[in-house]
Amino acid sequence: MSISRDELLALIAQEAQNHPVALAHYQAGNPLLLMNLNAIATMLAMISQQLDMAAGEAFAKTRDTTVLADASMKGILPFARPGRVQIGVNNRGSSVVNLAAGRRLLDPSGKVYLSESALNLAAGASGSLSARQMVKRDMVQVVNASQPFYAIQIPPPSDPEMAISGLSVSVNGIDYPYTPAFFNLAAGQVGYALETDELRRLWVRFGFDSVFGVQPANGATIRITVEETAGKLDLAPGAAFSLESITASNEAAISMNLTALLQNGADPIGIDTLRELAKYPASYNDSAVYLGDFAFLIRKNLPNLRFLSVWNEQIEEAARGPSVNNINRLFIAVLMDGMPIDWLQGEITRIIQSADDCYRITFIPVVDYPIPVQINAQVATVHDPDAVKASMQAAVLALYGRDAPAVRTGMFNLSHKTLSHHLRDTVSALQ
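Parameters and conventions
Residues numbered from 1 in each chain as written. Predicted model: local features only at pLDDT ≥ 70, side-chain atom pairs only at ≥ 80, totals over all residues. Heavy atoms only, no water. Helix = DSSP H or I, 4+ residues; strand = E, 2+ residues; numbered from the N terminus. Rg over C-alpha atoms; globule rule 2.2 N^0.38 Å. Buried < 20%, exposed > 50% of the residue type's maximum accessible area, 1.4 Å probe, protein only. Contact = heavy atoms within 4.5 Å. Polar contact = N/O pair within 3.5 Å; in protein donor to acceptor, adjacent residues only side chain to side chain. Pairing = 2+ DSSP bridges. Axes fitted to C-alpha atoms, helices over the stretch in contact; angles between N-to-C directions. Salt bridge = Lys/Arg side-chain N within 4 Å of Asp/Glu carboxyl O. Patch = residues over 30% accessible without salt bridge, like charges linked within 9 Å, V, L, I, M, F, W, Y side chains within 5 Å. Areas by Shrake-Rupley, 256 points an atom, 1.4 Å probe, with all protein chains shown as cover. Parallel < 35°, antiparallel > 145°, perpendicular 65-115°, else oblique. Left-handed = near helix turned anticlockwise from the far one by under 90°. Nonpolar A, V, L, I, M, F, W, Y, C, P; charged D, E, K, R; others polar. Phe/Tyr/Trp six-rings, centres within 6.5 Å; stacked < 30°, edge-to-face > 60°.

Chemist: Explain the overall build of the protein chain to me, please; I cannot follow it from the model alone.
Modeler: Counting its secondary structure elements, the protein chain contains ten helices and 18 strands. Whereas a compact globule of 431 residues would reach a radius of gyration of roughly 22 Å, the protein chain reaches 29 Å, over 25% beyond that. Along the longest, intermediate and shortest principal axes, the C-alpha atoms of the protein chain span 95 × 60 × 60 Å. Counting all 431 residues of the protein chain, 37% fall into the buried class. Taking contacts inside the protein chain between residues at least 6 apart in sequence as the whole, the part at least 24 apart equals 68%.

Here it is in structure tokens:
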């Protein structure tokens, strides 16, 4: 248990009794003496708090550095997810307009999108195309010092508002597939792995000759195409789009507007979600052998979920009674902002079946439920009761509300002790 600053100052006052000269200065409030003693007590209290935290760090990861190191060990990559939009295109000119796939488009804030399909529009015709919010950059490196597990560090985006969302690798013109942790990669079989560290730096790593994978030889040319995105999109309905550059005069006659937000995109996984994933044992990987529950696997692949709860037939039947239909079935309640529920459920189904295809899956609608707590408090008459009540409600919602980290996993236990301390710390009228 950590020692507080007040406890240390109390010990100092007690020790001063054994030093008459220093005691006189202490009782007189000598500012030079008190400043030194207070500074020492503050530093010792901070060290004591750090030591207390470190003692339990192996059991409950709380420090950001420990959480990030745990994420690196589990192979959780610092990737964002690009958003996808559907854009309506209207040709107001008198000639045919041809838009090839891969054309760069701009939204009202200047973000770059790449069209995913070609579009041919006759004069006066309308159509639509889909586009993904991303840009690409190429890296080329020639190997001059081949070694086992040859690695290339991927520089971060030059724009701090962008994040890496994916990459592709080729060596001497041969495309290399992504093989996480070199799983099932035979000797001589092409593939690469990705690694990250506690600073969220990213490396592409190759194999080991005659052991597994392919070790790039001296003189080999490695090309890495890095995809970058701004993450979560914030677009108004009907937002105007435009071509980044006009290559033909008739392209100036088209107008483009947002018709649908297909995928909202997502920022790189945040520290709160990483802290939640750090609670799972290190053996919880993509293998069905270790997945006693599938929450970790789903969160690893879909990190920006608002809410996720996964339970089995035993927990289901404890709440709703037994049924033969519950045998070998997983029950899932999930929410994600800005994503169609059909896409989300299909993606979760794909993730689970890729690990273990023997489970049947049932999705349960998420229902908002009142926080089951009643608060009785007394405050001085100088306070406005309505204002105090509003402050208390805000404090409770910050801890256990819809967007609070504590309720993102479902089936949590409300701690009255934690709530009481939180109310006293945040509501001034209760202090």
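Chemist: How should helix H7 (residues 313-320) be read in this particular structure?
Modeler: A turn of α-helix holds 3.6 residues, and therefore any two residues three or four places apart point the same way. Measuring from the backbone nitrogen of Gln 314 back to the side-chain oxygen at the start of H7 gives 3.2 Å, which picks out Asn 312 as the cap. At the C-terminal side of H7, Gly 321 shows a positive phi close to 90°.

Chemist: It is not clear to me how the sheet that holds strand S12 (residues 202-205) should be interpreted in this structure. Could you clarify?
Modeler: Strand pairs in the sheet, formed through backbone hydrogen bonds, run parallel or antiparallel to each other. If you walk across this open sheet you meet the three strands as S8-S12-S11, and the pairing is antiparallel. At either margin of the open sheet sits one strand with a lone partner, and together these are strand S8 (151-154) and strand S11 (193-196). Sheet twist, expressed as the average angle between the axes of neighbouring strands with direction ignored, equals 30°. Here S8 runs beside S12; their pairing, made up of four bridges, is antiparallel. Along S12, the bridge assignment pairs Gln 153 with Trp 203.

Chemist: Whenever I open this one, the pattern of salt bridges confuses me. Can you help?
Modeler: Opposite charge on two side chains makes pairing possible when the charged atoms of those side chains draw close. Going through the model one piece at a time under the given rule, you end up with 14 salt bridges. Here Glu 251 ties to Arg 103 by a salt bridge, and the two come within 3.0 Å at their closest N and O atoms. Of this pair, Glu 251 sits in the loop between strand S14 (240-243) and strand S15 (254-263) while Arg 103 sits in the loop between strand S2 (97-99) and strand S3 (104-106); the two residues are 148 residues apart in sequence, bridging distant segments of the chain. Like Arg 103, Glu 251 is buried. A salt bridge links Arg 201 to Asp 197, with the shortest nitrogen-to-oxygen separation between them at 2.7 Å. The network of salt bridges with shared partners includes Arg 84, Glu 116 and Arg 132.

Chemist: Hey, could you run me through the environment of Val 21 in this one?
Modeler: Position of Val 21 among the secondary structure elements: in helix H2 (residues 20-28). Residues Val 21 and Ala 220 lie 199 residues apart in sequence; the distance between their C-alpha atoms is 78 Å.

Chemist: Explain a nonpolar patch on the surface here, please?
Modeler: A surface patch of nonpolar side chains, about 490 Å² in accessible area, is lined by Ile 40, Met 43, Leu 44, Ile 47 and Leu 51. Structurally, Leu 51 is set in helix H3 (residues 31-55). By relative accessible area, which is 59% here, Leu 51 ends up exposed.

Chemist: Any chance you could explain unusual backbone geometry here in plain terms?
Modeler: Keep in mind that most residues, glycine aside, have a negative phi and that most peptide bonds are trans. In the Ramachandran plot, Phe 149 falls in the positive-phi region, its phi being about 55° despite a non-glycine side chain. Relative to the assigned elements, Phe 149 resides in the loop between strand S7 (135-142) and S8.

Chemist: Is there a simple way to think about the pairing of S11 in this case?
Modeler: Residues in a regular strand point their side chains to alternate faces of the sheet. Note: S11 against S12, four bridges, orientation antiparallel. Across the sheet, the residue bridging to Leu 194 is Val 204, located in S12. Joining the antiparallel neighbours S11 and S12 is a turn of five residues, in which Arg 200 adopts a positive phi near 65°.

Chemist: Before we go on, may I ask you to explain the sheet that holds strand S18 (residues 360-363) in this structure?
Modeler: Across the sheet, which stays open at both edges, the three strands sit in the order S16-S17-S18 with mixed pairing between neighbours. Across the chains shown, the open sheet's two edge strands, defined by having one partner strand only, are strand S16 (307-311) and S18. Neighbouring strand axes in the sheet, compared pairwise and without regard to direction, differ in orientation by 20° on average. Pairing between S16 and strand S17 (residues 329-335): five bridges, direction antiparallel.

Chemist: Whenever I open this one, the packing of helix H9 (residues 385-400) against helix H10 (residues 416-426) confuses me. Can you help?
Modeler: A pair of packed helices is characterised by two quantities: the angle between their axes and the separation of those axes. Two elements in contact, H9 and H10, have axes separated by 10 Å at closest approach and are oriented at 130°. Considering their axes alone, H9 and H10 lie oblique with respect to each other. Here H9 and H10 pass one another in a crossing that is right-handed. Residues Met 392, Ala 395, Val 396, Ala 398, Leu 399 and Tyr 400 of H9 form the contact with H10, whose participating residues are Thr 418, Leu 419, His 422, Leu 423 and Thr 426. Of the residues contributing to the contact of H9 with H10, the split by class is eight nonpolar, three polar and no charged.

Chemist: Explain the side chain of Ser 170 here, please?
Modeler: You can see Ser 170 is positioned in strand S9 (residues 163-171). In this structure Ser 170 comes out as buried when scored by relative accessible area, which is 12%. Beyond its immediate sequence surroundings of up to four residues, Ser 170 is in contact with Asp 175, Tyr 176, Thr 221, Ile 222 and Arg 223.

Chemist: What is the right way to look at the packing of aromatic side chains in this model?
Modeler: Any pair of aromatic rings gets described here by the distance separating the centres and the angle formed by the planes. Under the criterion given, the structure shown has nine aromatic pairs. Here Tyr 176 and Phe 206 contribute two aromatic rings whose centre-to-centre distance is 5.9 Å and whose plane-to-plane angle is 80°, an arrangement assigned as edge-to-face. Residue Tyr 176 is found in strand S10 (residues 174-176), and its partner Phe 206 is found in the loop between S12 and strand S13 (221-229); the two are separated by 30 residues along the sequence. The same class applies to Tyr 176 as to Phe 206, namely buried. Considering the side-chain rings of Phe 294 and Tyr 359, the 5.3 Å spacing of their centres and the 80° angle between planes classify their relative orientation as edge-to-face. Residue Phe 294 is located in the loop between helix H5 (271-277) and helix H6 (295-301), and its partner Tyr 359 is located in the loop between helix H8 (341-355) and S18; the two are separated by 65 residues in the primary sequence. For Phe 294, a relative accessible area of 1% gives the class buried. According to the relative accessible area criterion, Tyr 359 is partly exposed, its value standing at 24%. One aromatic cluster in this structure is built from Phe 149, Phe 182, Phe 208 and Phe 212.

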